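Summary of the model geometry
Chain by chain, the residues:
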Amino acid sequence: MNWLLTRRAGFFAIALACAGMMAFALYLQYYKYLNPCPLCMFQRVFVIGVGIVALLAALHGPGQRRYRVYGLLTALLGLSGFAIALRHTILQYWPPEHLPSCGAGLFQMLETSSFGSVVAEVLRGSGECAIIDWTLLGLSLPGWSTLGFALLTGAALALGLKGKR
């Protein structure tokens with residue numbers, strides 16, 4: 001069987017894509033000094049989650065049923081990241097007068113509030129999440145994340161639901 005068509009290679013490619021996404025995010029943070037907003041941090045959590053589950057699937061190399069579980073779990077994490085990145089992209093195009101003001105940082109919120117209220121507050125968005133610091137081909141970083149999550153989710157579903165040959 002051609003190694004390019006195996007599920008193991010596919011899940012490994014997803015894990016490498018996630019590693020690349022995180023490497024670029026860290027490059028922008030530490031070398032271009034673009035500090036992530038709370039929604040960016042949530043997206044990073046889901047990129048790491050997708051990458052870890054995909055890497056586990058690639059290393060484990062399970063049978064048909066377990067590949068389905070890995071594929072669906074990877075897709076669920078990817079879909080969650082997609083929703084957060086889409087919300088972030090939408091916030092960037094809202095009129096400024098409709099945006100909530102900038103609040104406390106994520107780590108400060110985690111120290112002073114319950115986890116559930118922090119998640120709700122972050123998903124509501126803030127003024128700092130609406131700032132567009134970086135674009136490529138007219139698409140902001142959250143826009144590229146949305147596209148990346150869509151591709152990762154599609155690939156995970158394709159690998160998880162792929163029939164046995």
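Residues numbered from 1 in each chain as written. Predicted model: local features only at pLDDT ≥ 70, side-chain atom pairs only at ≥ 80, totals over all residues. Heavy atoms only, no water.

1. A closer look at the environment of isoleucine 48
Within the fold, isoleucine 48 resides in helix α2 (residues 38-60). For isoleucine 48, a relative accessible area of 41% corresponds to the partly exposed category. Spatially, the C-alpha atoms of isoleucine 48 and leucine 77 are 9.5 Å apart, while their sequence positions differ by 29 residues. (Helix = DSSP H or I, 4+ residues; strand = E, 2+ residues; numbered from the N terminus. Buried < 20%, exposed > 50% of the residue type's maximum accessible area, 1.4 Å probe, protein only.)

2. Points about a nonpolar patch on the surface
A cluster of nonpolar side chains, Phe24, Leu26, Tyr27, Tyr30 and Tyr31, forms an exposed patch at the surface whose accessible area comes to about 560 Å². Mapping leucine 26 onto the fold places it in helix α1 (residues 7-30). According to the relative accessible area criterion, leucine 26 is partly exposed, its value standing at 37%. (Patch = residues over 30% accessible without salt bridge, like charges linked within 9 Å, V, L, I, M, F, W, Y side chains within 5 Å. Areas by Shrake-Rupley, 256 points an atom, 1.4 Å probe, with all protein chains shown as cover. Salt bridge = Lys/Arg side-chain N within 4 Å of Asp/Glu carboxyl O.)

3. Some remarks on the environment of glycine 78
Structurally, glycine 78 is set in helix α3 (residues 64-92). C-alpha separation for the pair glycine 78 and valine 50, spaced 28 residues apart in sequence, amounts to 6.2 Å. Excluding residues within four positions of it along the chain, glycine 78 makes contact with Val50, Phe149 and Thr153. (Contact = heavy atoms within 4.5 Å.)

Distances and angles like these do not, on their own, reveal function.
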